[in-house]
Amino acid sequence: MGNLRSVQKAFEYIGKSAIISNDLSIIQNSAKLVLPGVGAFKDAMHNLHSLGLIDLLNEEILEKKKLFLGICLGMQLIATKSYEFGETKGLGWIDAEITRFASTELKIPHVGWNGVKFSNPSPLFDSIPDNSDFYFVHSYYFDADRTYATGICDYETEFIASVQHENIFATQFHPEKSQTHGLKIIENFSKLPIC
Amino acid sequence: MLKHRLIPCVLLKNWQLVKSVQFDAYRTIGHPTATVRVYNARNVDELIVLDIDASLNNEPINTEIITDMANECYMPLTIGGGIKTIEDVYAVLNAGADKVSINSQAIQNPTFIHEIATVFGSQCVVCSIDVKKVDGVYRVFNKSQGILDIDPLQLAREYEAQGAGEILLTSVDHEGMGEGYDLGLLQSFHHELKLPIIINGGMGEPTHGAQALSLGADALAAASIFHYSKYTPDMIKRELLEKNFSMRHLLS
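Residues numbered from 1 in each chain as written. Chains lettered and ligands numbered in written order. Predicted model: local features only at pLDDT ≥ 70, side-chain atom pairs only at ≥ 80, totals over all residues. Heavy atoms only, no water.

## Structural notes on the overall build of chain A
Argument step 1. Regarding its fold elements, chain A presents six helices and 11 strands.
Argument step 2. Projecting the C-alpha coordinates of chain A onto the three principal axes gives extents of approximately 45 × 40 × 30 Å.
Argument step 3. The 195 residues of chain A split such that 57% are buried.
Argument step 4. A separation threshold of at least 6 residues defines the contact pool for chain A, and within that pool the share at least 24 residues apart is 68%.
Argument step 5. With the model as given, the accessible surface of chain A reaches about 8100 Å², and the carbon-plus-sulfur share is 50%.
Argument step 6. Here chain A contributes 17 positive and 23 negative side-chain charges, whose respective centroids are spaced 6 Å apart. (Helix = DSSP H or I, 4+ residues; strand = E, 2+ residues; numbered from the N terminus. Buried < 20%, exposed > 50% of the residue type's maximum accessible area, 1.4 Å probe, protein only. Contact = heavy atoms within 4.5 Å. Areas by Shrake-Rupley, 256 points an atom, 1.4 Å probe, with all protein chains shown as cover. Lys, Arg positive; Asp, Glu negative; His and termini not counted. Charge placed at Lys NZ, Arg CZ, Asp CG, Glu CD.)

## Observations regarding the overall build of chain B
Argument step 1. When helices and strands are tallied, chain B shows 11 helices and 12 strands.
Argument step 2. For 252 residues, the compact-globule estimate of 2.2 N^0.38 gives 18 Å, and the C-alpha radius of gyration of chain B, at 17 Å, lies within 12% of that figure.
Argument step 3. Each of the three principal axes of chain B carries a C-alpha extent, and together these read 45 × 40 × 35 Å.
Argument step 4. Relative to its 252 residues, chain B shows a buried fraction of 59%.
Argument step 5. For chain B, the exposed surface amounts to about 9800 Å²; the carbon and sulfur share of it is 49%.
Argument step 6. Across chain B, the centroid of the 20 positively charged side chains sits 6 Å from that of the 30 negatively charged ones. (Rg over C-alpha atoms; globule rule 2.2 N^0.38 Å.)

## A short note on the layout of surface pockets
Argument step 1. Roughly 1400 Å³ of internal volume is contained in the largest pocket.
Argument step 2. Forming the boundary of the largest pocket are 45 residues, of which L4, I20, S21, V34 and P36 of chain A lie nearest the centre.
Argument step 3. Only α1 (2-13), α2 (24-29), β1 (32-35), α3 (41-50) and α6 (179-191) of chain A together with α4 (86-94) and α6 (111-120) of chain B provide two or more residues apiece to the lining of the largest pocket.
Argument step 4. Class assignment for the residues of the lining of the largest pocket results in 29 nonpolar, 12 polar and four charged. (1 Å grid on protein atoms, 1.4 Å probe; cavity = no way out; pocket = protein on both sides within 12 Å on 5 of 7 lines; lining within 4 Å. Points joined across faces, edges and corners; volume = space filled by probe spheres on them. Nonpolar A, V, L, I, M, F, W, Y, C, P; charged D, E, K, R; others polar.)

## A closer look at the interface of chain B and chain A
Buried accessible area, meaning the area lost when the parts come together, often serves as the stated size of an interface.
Argument step 1. The interface of chain B with chain A comprises 38 residues on the first partner and 36 residues on the second.
Argument step 2. For the pair chain B and chain A, the summed buried surface comes to about 2900 Å²; carbon and sulfur atoms form 53% of the total.
Argument step 3. If you sort the residues of chain B by the area they bury against chain A, L2, Y74 and K194 of chain B come out on top, with a joint share of 28%.
Argument step 4. If you look at where chain B meets chain A, you find three salt bridges.
Argument step 5. Its salt-bridge partner being D218 of chain B, residue K107 of chain A comes within 2.8 Å of it at the nearest N-O pair.
Argument step 6. Top element by residues in the side of chain B that touches chain A is α4 of chain B. It accounts for three residues.
Argument step 7. When its residues are assigned to classes, the side of chain B that touches chain A shows 17 nonpolar, 11 polar and 10 charged. (Buried area = accessible area lost by both parts, 1.4 Å probe. Salt bridge = Lys/Arg side-chain N within 4 Å of Asp/Glu carboxyl O.)

## Remarks on the confidence of the model for chain A
Argument step 1. A residue-level look at chain A finds 99% of positions with pLDDT of 70 or above and a mean pLDDT of 94.
Argument step 2. When the elements of chain A are averaged for pLDDT, α1 of chain A gives the smallest value, 86, and strand β11 (residues 168-171) of chain A the largest, 98. (pLDDT = per-residue confidence, 0-100.)

## What to know about empty space enclosed by the protein
Argument step 1. The full count for this structure, using the stated rule, is one cavity of 30 Å³ or more.
Argument step 2. Taken as a whole, the largest cavity spans an internal volume of roughly 160 Å³.
Argument step 3. Lining the largest cavity are 15 residues, and of these N3, V38 and V137 of chain A together with D98 and Q123 of chain B sit closest to its centre.
Argument step 4. When residues of the lining of the largest cavity are traced back to their parent elements, those giving at least two are α1 and β7 (132-138) of chain A.
Argument step 5. Looking at the lining of the largest cavity, its residues break down into eight nonpolar, four polar and three charged.

## A look at the packing of aromatic side chains
Any two aromatic rings considered together are summarised by their centre-to-centre distance and by the angle between their planes.
Argument step 1. Under the criterion given, the structure shown has 14 aromatic pairs over all chains.
Argument step 2. Here F101 of chain A and Y155 of chain A contribute two aromatic rings whose centre-to-centre distance is 5.5 Å and whose plane-to-plane angle is 80 degrees, an arrangement assigned as edge-to-face. Taken together, the residues F101 of chain A in the loop between β5 (94-100) and β6 (110-118) and Y155 of chain A in strand β9 (residues 149-155) connect sequence positions 54 residues apart.
Argument step 3. In this structure F101 of chain A comes out as buried when scored by relative accessible area, which is 3%.
Argument step 4. Here Y155 of chain A falls in the buried class, since its relative accessible area comes to 7%.
Argument step 5. Relative to F226 of chain B, the ring of Y39 of chain B has its centre 6.3 Å away and its plane inclined at 75 degrees; by these criteria the two rings are edge-to-face. Of this pair, Y39 of chain B sits in helix α1 (residues 32-41) while F226 of chain B sits in helix α10 (residues 224-228), placing them 187 residues apart in sequence. (Phe/Tyr/Trp six-rings, centres within 6.5 Å; stacked < 30°, edge-to-face > 60°.)

## Thoughts on the nonpolar core
Argument step 1. Formed by 79 residues in total, the largest nonpolar core has its most connected members in I116, Y159 and I167 of chain B.
Argument step 2. It is α6 of chain B that provides the largest number of residues to this core, a total of five residues.
Argument step 3. Excluding anything up to four places from it in sequence, I167 of chain B contacts C127, I129, A156, Y159, L193, L195, P196, I197 and I198 of chain B.
Argument step 4. Counting residues in hydrophobic clusters, the runner-up holds 32 residues, among them L35, L48, L73 and A96 of chain A. (Core = buried A, V, L, I, M, F, W, Y, C linked by side-chain atoms within 4.5 Å.)

## Digging into the pattern of salt bridges
Close approach of charged atoms lets side chains of opposite charge pair.
Argument step 1. By the definition in use, this model includes 27 salt bridges over all chains.
Argument step 2. We note a salt bridge from E87 of chain A to K81 of chain A, for which the minimum N-O separation is 3.5 Å.
Argument step 3. The class of K81 of chain A is partly exposed, set by a relative accessible area of 24%.
Argument step 4. Residue D133 of chain A is joined to K3 of chain B by a salt bridge in which the shortest nitrogen-to-oxygen separation is 2.8 Å. Separated into two different chains, D133 of chain A in strand β7 and K3 of chain B in the segment before β1 (5-13) make up a pair that spans both. The same class applies to D133 of chain A and to K3 of chain B, which are both buried.
Argument step 5. Sharing partners across several salt bridges, the network here consists of E59, E60, K64 and K66 of chain A.

Shown next as structure tokens:
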């Protein structure tokens, strides 16, 4: 989809190459993996299934411990399940549920720039001031234990803006669309040493 | 806290970016990629570009120039004008846009919004509604068909039901005049929708932005103010911050 190119462009901006691919061998041979995504959870899981990528991703990320960055829907997909358009099972890498913003007062989607409070140290946030603004656009959020949270955002209710668990990193916001600080996150991810 | 966005909204015509007054009297403001580069350097919150040749003259969407502009953009980019099919949406997003703005094609066929939302997600559908006041009543305006007997709020409600992500609400009467947004129009939309509203047309000074935000606008779109006044996006945001509106932290 559209934002694949944006993500690729952000890596190019910091002098790294990124390949857009659903080819199993390219994915296996990559140094790191990024799963961006816009659209609906159910369709995305369906696509991952039909492309035969679920087992491969599990192997690359959970067994080989390849460094992974999920962005927006890509963060939601690593949860246990989502309630968008009925209940759908996710990749289940982090125990979490994807839930719709409940308040009737709120404008949905949550779209625009919002501050992220760094709740746990993360190499992704190196050289970025706490409470920096990042660009969000989503109607559902990642509901999980705060131990995994590295950033918290406030949209009437506090929700998890970014998570980290071993080799797995993910942001609900779009670093590739968040100008200077966002590009810094992309750079920080690309600098992470490959284990 | 979610910040109010300040969004330059410019028009693409004959490979140039232009600015109009009441949807007419186009003036060139610059080369697309150079202009986008300046906006990007100024850290604007987002950018909207509407291709008026594509929508008016039925020309194909200029994906080449969209690609060039998107390559300069590290903030969200919305592209509109002449988008009639799912294939068009795909082409525009594939060129690097993050959202599409839909206007003419959805007026007669609001289910087009539903189609886009289903395939690409609501987050990428901005529904653009142009409004003109006729004998004291707000009516939907369309460049090729003129004034339509459609209530803009009804149309916005329909778009919301079809899965739109945002509403771009433009007053034709106020556009390019620099005398303030159409506050009456905004008032009629206040508390009526759950969708974020981007108000457009008429910002000539920062206080106009403050007026619109007080009446429930979520984001401010503008163009003339950035090109024909002393105000930069940064200065406008500073003034709004001083008035206690939540705006994005500025890079100092």
